[in-house]
Each structure stands twice: as C-alpha cells, then as structure tokens.
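The chain contents come next:
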Amino acid sequence: PKEQLPPEKPIIIKCRSPEKETFTCWWKPASAGGLLTKHTLLYSKEGEEKVYECPDYKTAGPNSCYFDKKHTSFWTIYNITVRATNEMGSNVSDPHYVDVTYIVQPDPPVNITLELKKSIKRKPYLVLTWSPPPQADVRSGWLTLEYELRLKPEEGEEWETIFVGQQTQCKMFSLNPGKKYIVQIHCKPDHHGLWSEWSPEMYIEIPTDF
Amino acid sequence: PICPNGSVNCQLSLEELFDRAVKLSHYIHYLSSEMFNEFDERYAQGRGFIAKAVNSCHTASLTTPEDKEQAQQIHHEDLLNLILGVLRSWNDPLIHLASEVQRIKEAPETILWKAVEIEEQNKRLLEGMEKIVGRVHSGEVENEIYTPWDGLPSLQLADEDSRLFAFYNLLHCLRRDSHKIDNYLKVLKCRLIHDNNC
C-alpha cells in the first residue's frame, strides 16, 4: 500500500479587503497523499499574546477565512498561519504578516455613463461619469478612492490611460469623428492598496459630424 | 487669495483650514510612505525586521480608533485632541531623524531630503491643527496628550544591524501614524464640513 505521510506545508496565497472594513485570506491546501486533512487558520495581533482561530471558514468559500468588521483592525499587524493536520501528523505554513491598511482592493466603479456634448463656444466633447463601488464608504471619509480611466479605438491596440484623482467625472476632447471607442475605469484607495479590476467595457461611437 | 492684502482680522473658514490640513496630512503620509519603502528596499531586505517591528511604536499607548466604527463613534473634539497628541509626539523624533539619517552609510539624498521635509511639514500641520482645535473646541482645552520618545540612543548604536532596525522601526511607525492622522482628518472633514456626505 501507498506510504501514508503527514501533510506538506500549506501556503497562504493572499489576503484582501474589498472596502477597508473586512478582509479575507486564502490558502493553498497542503497535498496529503489522499488522507483526510483538516486546515486550521490561526492568528495573533500586534501587542497581544493570545492566539485566535479563524472566525469564519464559510463565508468566502473553501480554503479561506473571512474576518468580519468585529475581527478587523487597522494599523495593526496580524501574524497569520495555517496548520494542516491528518492522522499521520501536521504541518504549519510560514507566517504571513498582514496590516489590513495595505491590502485594500476595491470592486470596480459602477454606473458609468458616456454622453456626447456640443458646446457652442468650444469643441464638442465626451462626458464620462461614474460612481464608487457600492461597498466602499467614501461618504464618511473612511475610504478615499482615486480613479484611472483608459480608452482606445475599438480596433486599436494601444490604451490611453488617464489618472483622474478623486473626481467621478471627466470631460474628453479631441476624439476622432466616425470612430468607435472602448472605455473602462478602475479605482484604488489613496496611498495604499491595489487597483480594482477594470469596469466592463463601454462603447461609444463618435458621429461623423461631431 | 483667501485673505486679500490689507484686510484686517481676516480669518480662514473652518472648511479652508480643513482643506489645507488634509492636503498637508496627505503629503506628509505620501513622503513617509515613500521614505519607508526606499529604506526597506535598500537596507531591510531579508533581515526579518517586520516580525520585530511589532508593538514598538512610541505612540502605541495612545488609544486611537482602529476601525471605521470607532472612528465614527468618537467625539470630534476627542479625535482632534488625539491627532494633536500624535503630531506632538512626533516633533522630537523627527528632529533627530533628520540629523541621524545623514549618518547612515550611503544614505541616498532622497531619504535625507524627505526626513527634513517631513519635519518641516509636521510642524506646519501641528500649527494648523491648533487653529482648528481653537475654532472647534467648546470649552477649556484639556491637558495635552503627548507620548515621549526615548529612541535616540538606538539610532546611534554601534552595531549596524541594531541601528538599522531602529531606523526601520521609526520609519514604520511614522508611516503608520501619518496614515492614521491623514485618515482621521478625512473622516473629520467629511463629518464637520460635509455632513458625512463627501
């Protein structure tokens, strides 16, 4: 029969917070030679001796741990490990140090609108507006988002990327009449964190008499 | 200009004071973050400093909000006092950081310049915050919150690894505290100026 061994070392893949209020960590389960293996996530917080177990293994799906608001603190280093155990023994991942302040990756912006405008004095232009992702509380100032948009002609290769800071609208001039453009927007917390995924592609055709 | 020349008793509005304070806190945190990253890349790789830099900031004794709920529930006067307390607590270490960082072996000009700039801007922000507190405080200003810093000897240690860890830890704490100040000011500005509708 196949030799039965203790599990290999599990690996913590990443931790992310979508709205700077909760966060989730994911791990790659240890291969365990077919034996039933249990994974336990343990963590301690800066300034505390106590070791806690993952508060919620279910909400974020398999091989994950979800920390709700009550279990999420900022400006504090979490020391996180995952232990894999089977009947032959156990093995512990390397420690993963996390300060939730630095792992915020929001959802993409929503409610994107594109509107062609003609003004008498100046050249016609395109107005883009969008809203922050619903989960992100920017109204209270707890989370401040910055935006970047990109566009390119439908058949073009090169994206033109424009950083627009914290505003949620943008006017675009000098678009070529008769061309069809693709537009996307993404966002990131100011200072730290990761860019969101790009929003779904939006298309706008510039009329020939534009 | 906000205060045209020759105008007497010209007072900035609270909104203008907050606008300037937030711009300054954003800039100070940006510099602190850049300085930490530069130092980390150049001097701290592979030394495991992060594991040691736990719970060792001289301002750790100040009980500051650690999540959104705490930041929203604290009274604005208490949060303003906390911000002042953290800023005051950094006056002394920033003076020494600006001078001691020059003794680090091959310290790049960009780190030196940032240390001096942060010290200067921290003083300006403290002045601005005292104006804001003066406007907002309803009663007598309470006893000043402040935590002393005794880290100068560790910045001057002979052993290079220990000395570099002392700098790492100070820059790690500066990055953390300047981010707290920036975040709290943005929350206060939205609360007091924009009625929580930023």
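The structure presented is a predicted model; accordingly, all values stated were derived computationally and were not measured.

Asker: So what's going on with empty space enclosed by the protein? Residues and values would help.
Answerer: Residues and elements named next belong to chain B. On inspection of all chains with the given rule, the structure shows four cavities of 30 Å³ or more. Empty space within the largest cavity amounts to approximately 70 Å³. In terms of lining, the largest cavity is formed by Ser25, Ile28, Leu87, Trp90, Asn122, Leu125, Leu174, Asp177, Ser178 and Ile181. If you list the elements that add at least two residues to the lining of the largest cavity, you get helix H1 (14-44), helix H4 (76-100), helix H5 (109-136) and helix H7 (160-192). A total of four residues in the lining of the largest cavity trace back to one element, the largest contributor, which is H7. Estimates place the volume of the second largest cavity at around 60 Å³.

Asker: Tell me about the packing of aromatic side chains, residues and numbers included.
Answerer: All names here are of chain A. For the structure on display, the rule yields 18 aromatic pairs over all chains. Their ring planes at 80° and their centres at 5.5 Å tell us that Phe74 and Trp142 sit as a pair that is edge-to-face. Placement of Phe74 in the loop between strand S5 (64-67) and strand S6 (78-86) and of Trp142 in the loop between strand S10 (125-131) and strand S11 (145-153) is noted, with a sequence separation of 68 residues between them. Residue Phe74 shares its accessibility class with Trp142, and that shared class is buried. Each member of the aromatic cluster is reached from another via a ring pair, and the members are Phe23, Tyr43, Tyr52, Phe67 and Tyr78. Here the basic side chain of Lys188 rests over the ring of Trp195, its NZ or CZ set 5.9 Å away from the ring centre.

Conventions and cut-offs
- Residues numbered from 1 in each chain as written.
- Chains lettered and ligands numbered in written order.
- Predicted model: local features only at pLDDT ≥ 70, side-chain atom pairs only at ≥ 80, totals over all residues.
- Heavy atoms only, no water.
- 1 Å grid on protein atoms, 1.4 Å probe; cavity = no way out; pocket = protein on both sides within 12 Å on 5 of 7 lines; lining within 4 Å.
- Points joined across faces, edges and corners; volume = space filled by probe spheres on them.
- Helix = DSSP H or I, 4+ residues; strand = E, 2+ residues; numbered from the N terminus.
- Phe/Tyr/Trp six-rings, centres within 6.5 Å; stacked < 30°, edge-to-face > 60°.
- Buried < 20%, exposed > 50% of the residue type's maximum accessible area, 1.4 Å probe, protein only.
- Lys NZ or Arg CZ within 6 Å of the ring centre and 35° of its normal.

These figures capture arrangement, not role.
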